[in-house]
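Structural overview
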Amino acid sequence: DNLMAAVTCWRVYQSSFADEKSMGVILFKKFDPEETGYLERDQLQAMLSDLSGGQDVTEDDLDFVIDQADVLQDGKISKMELNQAIAAWYQRQTMLQSEELGEPKVN
């Protein structure tokens, strides 16, 4: 349900950007140097790679993350959507690792 997703995003946003030392503030300072308040695909890709120690982030990975986290459906990740994007990225990594090990898919 989109309303619940938006409310959840807002609550997480409030805690992630509470002060200058918050994770969201730090990540946006690093990956949104123009201070647009959004991460475009290339900025999102760089951030996800950075969070994963330089791991490659494919177009399929980006599509998955944006599909899961882009509540505003504008093709980019806002500050409000950041934590959902990070959660989707780690979910994607877990899914891919499970597939590599031959474990059954879990939805």
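This text goes with the structure placed above it.
This report concerns the structure included in the present document. (Residues numbered from 1 in each chain as written. Predicted model: local features only at pLDDT ≥ 70, side-chain atom pairs only at ≥ 80, totals over all residues. Heavy atoms only, no water.)

In this section: the nonpolar core. Counting 21 residues, the largest nonpolar core has Leu-39, Leu-44, Met-47, Leu-48, Val-65, Ile-77 and Leu-82 as its most contacted members. For Ile-77, the contacting residues outside a window of four places in its chain are Phe-28, Gly-37, Tyr-38, Leu-39, Leu-44, Ile-66, Ala-69, Asp-70, Leu-82 and Ala-85. (Core = buried A, V, L, I, M, F, W, Y, C linked by side-chain atoms within 4.5 Å. Buried < 20%, exposed > 50% of the residue type's maximum accessible area, 1.4 Å probe, protein only. Contact = heavy atoms within 4.5 Å.)

Taken together, the buried positions of helix H3 (residues 41-51) are Gln-43, Leu-44, Met-47, Leu-48 and Ser-49. Summarising the contacts, the buried residues of H3 are in contact with helix H2 (23-31), strand S1 (38-39), helix H4 (59-69), strand S2 (77-78) and helix H5 (82-100). Just downstream of H3 lies Gly-53, where phi reads positive at about 70°. (Helix = DSSP H or I, 4+ residues; strand = E, 2+ residues; numbered from the N terminus.)

The topology assignment puts Gln-43 in helix H3. Look at Gln-43 and you get buried, because its relative accessible area is 13%. Only 3.3 Å separates the side chain of Gln-43 from the backbone oxygen of Phe-31, close enough to count as a polar contact. What Gln-43 contacts, discounting residues up to four positions off in sequence, is Phe-31, Asp-32, Pro-33, Glu-34 and Tyr-38. (Polar contact = N/O pair within 3.5 Å; in protein donor to acceptor, adjacent residues only side chain to side chain.)

Here we come to the pattern of salt bridges. Counted according to the given criterion, the structure contains 5 salt bridges. Taking the shortest distance from any N to any O, the salt bridge between Lys-30 and Asp-50 comes out at 3.2 Å. Of this pair, Lys-30 sits in helix H2 while Asp-50 sits in helix H3, and the two are 20 residues apart along the sequence. The class for Asp-50 is partly exposed, based on a relative accessible area of 40%. Of the charged contacts, one joins Asp-63 and Arg-41 as a salt bridge, the two residues approaching to 3.0 Å between their closest N and O atoms. A residue pair is termed long-range when its members are at least 10 positions apart, and Asp-63 in helix H4 and Arg-41 in helix H3 qualify at 22 residues. Overall, Asp-63 belongs to the partly exposed group, its relative accessible area being 38%. Accessibility expressed as a relative area gives 28% for Arg-41, which makes it partly exposed. (Salt bridge = Lys/Arg side-chain N within 4 Å of Asp/Glu carboxyl O.)

Turning our eyes to something else, we now look at unusual backbone geometry. Glycine aside, residues mostly have negative phi angles, and peptide bonds mostly take the trans form. One non-glycine residue, Glu-35, lies in positive phi territory at about 55°. Following the sequence through the fold, Glu-35 ends up in the loop between H2 and S1. Even without a glycine there, the phi angle at Gln-73 is positive, about 55°. Relative to the elements of secondary structure, Gln-73 occurs in the loop between H4 and S2. For Gln-73, a relative accessible area of 63% gives the class exposed.

Shape descriptors only; they carry no functional weight alone.
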